[in-house]
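As a plain string of letters, each chain reads:
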Amino acid sequence: MRSIRPHFRALITPHQRTISTSSSATLSRTPNPEKTFFKSQNKHEEAIINLCQKSRLTEAIQVLDRIEHPSSLIYSNLLQLCVQQRALEGTKRVHSHIKRSNFLLGVSSYNRIIDIYCKTGSLVDARKVFDEMPERDLCSWNTMVSGYAKAGRLKDARNLFDEMPERDNFSWTAIISGYVRHGFPNEALRLCRAMLKDYNVWCNKFTVCSALAASAATQCLTIGKEIHGHIVRTGIDSDAVVWSALSDMYGKCGSLDEARHIFDKTSDKDVVTWTAMIDRYFKSGRRDEGFLLFSELLKSGNKPNEFTFAGILNVCALYNLESLGRQVHGYMARIGFNQSSFAASALIHMYCRCGNTEIADRVFKWVPNPDLASWTSLINGYAQNGQPAESLKLFEALLESGTKPDHITFVGVLSACTHSGLVDKGLEYFNSIKEKHGLVYTIDHYACVVDLLSRSGRFNEAEDIIKKMPMKPDKFLWASLLAGCRIHGNLDLAKRAAEALFKIEPENAATYVTLSNIYAAAGKWADVAKIRNLMDVNQVVKKPGRSWTEIKRKVYTFLMGDTSNPRLNEIHELLEELQIKIREEGYVPKTDYVLHDVEDEQKEQNLSYHSEKLAIAFAILVTPPGTSIKVFKNLRTCVDCHTFIKYVSKVVSRKIIVRDSSRFHCFEDGSCSCKDYW
């Protein structure tokens, strides 16, 4: 199909005079031989032009209302300012005045009015003007199709697109990008095929980028490669935007190495290109390559932006890589990054996730005007790190600052109340979510309050909330209820919660083991056997417990039965010594309980060598006396290990921080920050 340029013609008759504007918009009016222009009109027109130059649209339109028949130049200036300011009401007033003054608009002037209506969301007015046009050009069709597509009115956009007498690259790009943007990538791909095969359109970079986005969204590598071939054949493969879209397509379609190949071939890579490739590595689980590419970015001369920093810090938070996060923090400080950017909230989040709320608090206080994300990160951080009082105090400070909390903020607040046993206070906060703050309850809020009530044994209230909640309970809510049943030995309710979890996620071993342990604690061994047999039938396998600690920027990992550590004998000897010392302090191994209360860890016959104990002993061996120890575990720590670590913190005079799958535990001088409530 031949691409045509938009027509810009005025509609005139032999009895009409034409007035041309400098903006190519042609406006005509029926002459009135008795009408003369007075000095007052000239002054008004000069005033309008002057006001338009100062972007004072409202005042300019007020002056327009004093003129009966202004010149076309006045209308042109006013419409141009309406476009710049996206002024819907202003456009309507100017359009109404044009009708009253009997001006006959040229095609380009009609197009400008349609464009304003589309950009301001007034598609009804835009379509009315489009339908009233005596003649339309390609620009008229494109503007209307694009307006519909951007607003998500894809049926209207497609109907109009199909009616078009001619189409160009803009037409195809508008409709394809509309389908991609509003979640219909398959339809976008069908149009891509038609565009490439049936219509033989000579695509520009905007069209192919939309097509590549559709391929990426559907993870359709075959079509993506077809588009890649088309790009090479048409010679637009030198454009950096196209290369970036290609790399993104290959990355999202699972061809990360091909994405890297495209990335390496891209010349003049900017920070956006670098950041996108780094992010692809992280999302694909190839974090080491992501960190390596980040190092290359720092050497390339490109300066990382807040998106780059936020991505790196979030990965450090996910994998508890505090030392690397500190290095990134140091680099950010040296180059003087924007303290008000969301990278600052990512920094707070990273330190909280790594168990260092002290530095997180320093960063928070260093930010001049913390945004809600920063407040929420620290509130949640305190809650997860066993500092509920600080969490609630900070929340009250947030309210005093005038910042409005959101639903995520309240998850942290309710968690703080849960971990500190503040049931009534938690219920007060829960009720305030809707009554005081006008927010809608989410499933996370219900899960938190059910956790709060069930941990304290208030099961009737928890069940009442579950019955009244407007949405279906999810796995997190049922798991919270099951955890409360484990604490208080509520067999009947535990069975119901477990049955609900079996339906939602039958492959999750934690549910089977928790229910088995509840039965075991009650001496119901026949039921224990049934649950264990059910696990075998469903081929459910418990995850092995794994703990790790970071010493001098090196991560050491420990598993039960692993003999790879060269200092394993020393570790075992130290554990034996510690066992003797803490027994003297009153420690008694919870052997009977451990055998049944290890829902998050494979059944381990020997209490002494649970993974977190191995990690702690190793850290004691290789660090100076008095040094704080930080250990992370992939599962919930068992009751015996929790008791063991409390005593060890006392006899070795060390602060020991353990982050399990549930929360942070800060052990010091024989006690834990969770107050044995986890």
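Residues numbered from 1 in each chain as written. Predicted model: local features only at pLDDT ≥ 70, side-chain atom pairs only at ≥ 80, totals over all residues. Heavy atoms only, no water.

**Describing the overall build of the protein chain**
Spelled out, the test is: Starting at the N terminus, helices and strands are each numbered in turn, a helix being any DSSP run of H or I of at least four residues and a strand any DSSP run of E of at least two. Contacts were defined at the residue level, with two residues in contact if any of their heavy atoms lie within 4.5 Å. In this description, accessible areas are obtained by the Shrake-Rupley approach with a 1.4 Å probe, and a residue is regarded as covered only by the protein chains that are shown.
The number of helices and strands found in the protein chain is 34 helices and nine strands. For the protein chain, the proportion of contacts with a sequence separation of at least 24, taken over those separated by at least 6, is 64%. In the form shown here, the protein chain has an accessible surface area of approximately 32,200 Å², with 50% of it arising from carbon and sulfur atoms.

**Concerning the pattern of salt bridges**
Proximity of charged atoms lets side chains of opposite charge pair with each other. Here is the rule we go by: Salt bridges are identified by distance alone: a Lys or Arg side-chain nitrogen within 4 Å of an Asp or Glu carboxyl oxygen. Accessibility here uses a 1.4 Å probe with only protein chains present; expressed as a share of the type maximum, an area under 20% marks a residue as buried, one over 50% as exposed, and anything in between as partly exposed.
Throughout the structure, instances matching the rule amount to 30 salt bridges. Between Lys630 and Glu322 there is a salt bridge, with its nearest N and O atoms 2.8 Å apart. Taken together, the residues span a long stretch of sequence, with Lys630 in strand β6 (residues 629–633) and Glu322 in helix α18 (residues 322–335) at a distance of 308 residues. Residue classification places Lys630 among the buried positions, given a relative accessible area of 19%. Here Glu322 falls in the buried class, since its relative accessible area comes to 10%. Taken together, the shared-partner salt bridges connect Arg158, Asp162, Glu187 and Arg190 into one network.

**A closer look at the packing of aromatic side chains**
To keep it simple, the criterion reads: Put simply, two rings from Phe, Tyr or Trp (the six-membered ring, in Trp's case) pair if the centres are within 6.5 Å, and we call them stacked under 30 degrees between planes, edge-to-face over 60, tilted for the rest. Either the NZ atom of lysine or the CZ atom of arginine qualifies as a charge over a ring when it sits within 6 Å of the ring centre and within 35 degrees of the ring normal.
Evaluated as defined, the whole model comprises 19 aromatic pairs. When the centroid spacing of 4.9 Å and the interplanar angle of 75 degrees are considered together, the rings of Phe364 and Trp375 count as edge-to-face. Taken together, the positions of Phe364 in helix α20 (residues 357–366) and Trp375 in helix α21 (residues 372–384) put the pair eleven residues apart, joining distant regions of the chain. Of the two residues examined, Phe364 and Trp375, each falls in the buried class. Between Tyr587 and Phe644 the ring centres are 6.1 Å apart and the planes differ by 75 degrees, which places this aromatic pair in the edge-to-face class. With a gap of 57 residues between them, Tyr587 in the loop between α31 (568–584) and α32 (591–594) and Phe644 in helix α34 (residues 639–651) connect regions that are remote in the sequence. Connected via pairs of aromatic rings, a cluster forms that spans Phe395, Phe410 and Tyr429. The ring of Tyr319 is capped by Arg287, whose NZ or CZ atom sits 4.2 Å from the centre of that ring.

**A short note on the environment of His228**
Summarising the element assignment, His228 is placed in helix α12 (residues 221–234). With 14 residues separating them along the chain, His228 and Val242 place their C-alpha atoms 9.6 Å apart. With sequence-adjacent residues up to four places away left out, His228 is seen in contact with Leu246, Tyr250 and Ile262.

**Focus on the environment of Ser300**
Rule in force here: We define a polar contact as two N or O atoms separated by no more than 3.5 Å, with the added condition that, inside protein, one atom must be a possible hydrogen donor and the other a possible acceptor, whereas residues neighbouring each other in sequence contribute only through side-chain atom pairs.
Locating Ser300 in the fold gives a position in helix α16 (residues 287–300). Note: C-alpha distance between Ser300 and Asp270 (30 residues apart in sequence) is 9.9 Å. Within the structure, the side chain of Ser300 is placed 3.2 Å from the backbone nitrogen of Asn302, a separation counted as a polar contact.

**As for the nonpolar core**
We apply this condition: Throughout, nonpolar core names a set of buried Ala, Val, Leu, Ile, Met, Phe, Trp, Tyr and Cys residues whose side chains join them through atoms within 4.5 Å.
Counting 168 residues, the largest nonpolar core has Ile48, Leu78, Val94, Met144 and Leu481 as its most contacted members. Looking at this core element by element, the count peaks at eight residues for helix α19 (residues 342–353). Non-local contacts of Val94, meaning those with residues more than four positions away in its chain, are made with Ile61, Leu64, Tyr75, Leu78, Leu79 and Cys82. Grouped together as the second largest cluster of nonpolar side chains are 26 residues, Leu574, Ile582, Ala615 and Phe618 included.

**Remarks on the sheet that holds β6**
Inclusion rule: Between any two strands, at least two bridges found by DSSP are needed for them to pair. Between N-to-C directions, angles cover 0 to 180 degrees, with each direction set by a line fitted to C-alpha atoms, over the stretch in contact for helices.
Spatially, six strands are ordered β5-β4-β6-β7-β8-β9 in an open sheet, and the strand pairing comes out mixed. Both edges of this open sheet fall to β5 (554–559) and β9 (671–672), since each of them pairs with a single strand only. Across four bridges, the pairing between β6 and strand β7 (residues 656–659) is parallel. Each residue of the ladder has a partner; that of Phe632, found in β7, is Arg659. Contacting β4 (546–551), β5, β6 and β7, helix α33 (residues 611–622) runs over the sheet at an angle of about 15 degrees to β4.

**Here's the deal with the side chain of Ser377**
Tracing the sequence through the fold places Ser377 in helix α21. Contacts of Ser377, omitting those with residues within four sequence positions, involve Ser345, Ile348, His349 and Cys352.

**Here we look at the confidence of the model for the protein chain**
Threshold: Each residue gets a pLDDT score, which is the predictor's confidence in that residue and runs from 0 to 100.
Taken as a whole, the protein chain shows an average pLDDT of 85; of its residues, 90% reach a score of 70 or greater. For residues 1–38, every residue scores under 50 in pLDDT, and the model assigns this stretch 83 contacts once sequence neighbours within four places are set aside.

**With respect to the packing of α21 against helix α23 (residues 407–420)**
Here is the rule we go by: Note on angle classes: values under 35 degrees are labelled roughly parallel, values over 145 roughly antiparallel, values of 65 to 115 roughly perpendicular, and the remainder oblique. The crossing is said to be left-handed when, going from far helix to near helix, the turn is anticlockwise and less than a right angle, and right-handed when the turn is clockwise. The residue classification treats Ala, Val, Leu, Ile, Met, Phe, Trp, Tyr, Cys and Pro as nonpolar and Asp, Glu, Lys and Arg as charged. All others, Gly included, are polar.
Here α21 crosses α23 at 20 degrees, and the two axes come no closer than 8 Å. Put simply, α21 runs roughly parallel to α23. Both α21 and α23 take part in a crossing whose hand is left-handed. Side by side, α21 and α23 meet where Leu372, Thr376, Ile379, Asn380, Ala383 and Gln384 of the first sit next to Ile408, Thr409, Val411, Gly412, Val413, Ser415, Ala416 and His419 of the second. Broken down by class, the residue content of the contact of α21 with α23 amounts to seven nonpolar, seven polar and no charged.

**Concerning the packing of helix α28 (residues 491–504) against helix α29 (residues 509–521)**
Packed helices, taken two at a time, are described by the angle their axes make and the gap between the axes. At their nearest, the axes of α28 and α29 sit 10 Å apart, and the two run at 165 degrees to each other. When the axes of α28 and α29 are compared, the pair comes out roughly antiparallel. Classified by chirality, the crossing of α29 by α28 is left-handed. Residues Leu491, Ala494, Lys495, Ala498, Leu501 and Phe502 of α28 lie in contact with α29, whose contacting residues are Thr511, Tyr512, Leu515, Ile518 and Tyr519. Grouping the amino acids of the contact of α28 with α29 by side-chain chemistry returns nine nonpolar, one polar and one charged.

**Some remarks on the side chain of Glu463**
Along the chain, Glu463 falls in helix α26 (residues 459–468). Reaching out from Glu463, the side chain makes a polar contact with the side chain of Arg496 at a distance of 2.7 Å. Dropping the residues within four chain positions of it, Glu463 is found in contact with Leu493 and Arg496.

**Overview of the state of the cysteines**
The condition that has to hold: Cysteine sulfur atoms that come within 2.5 Å of each other are treated as a disulfide pair.
For the structure on display, the rule yields zero disulfides. For Cys220, which is in no disulfide, the shortest distance to another cysteine sulfur is to Cys253 and amounts to 7.1 Å.

**Examining unusual backbone geometry**
Note: most residues except glycine have negative phi, and most peptide bonds are trans. Even without a glycine there, the phi angle at Arg86 is positive, about 50 degrees. Tracing the backbone shows Arg86 in the loop between α3 (72–85) and α4 (88–100). Not every positive phi belongs to a glycine, and Gln219 is a case in point at roughly 55 degrees.

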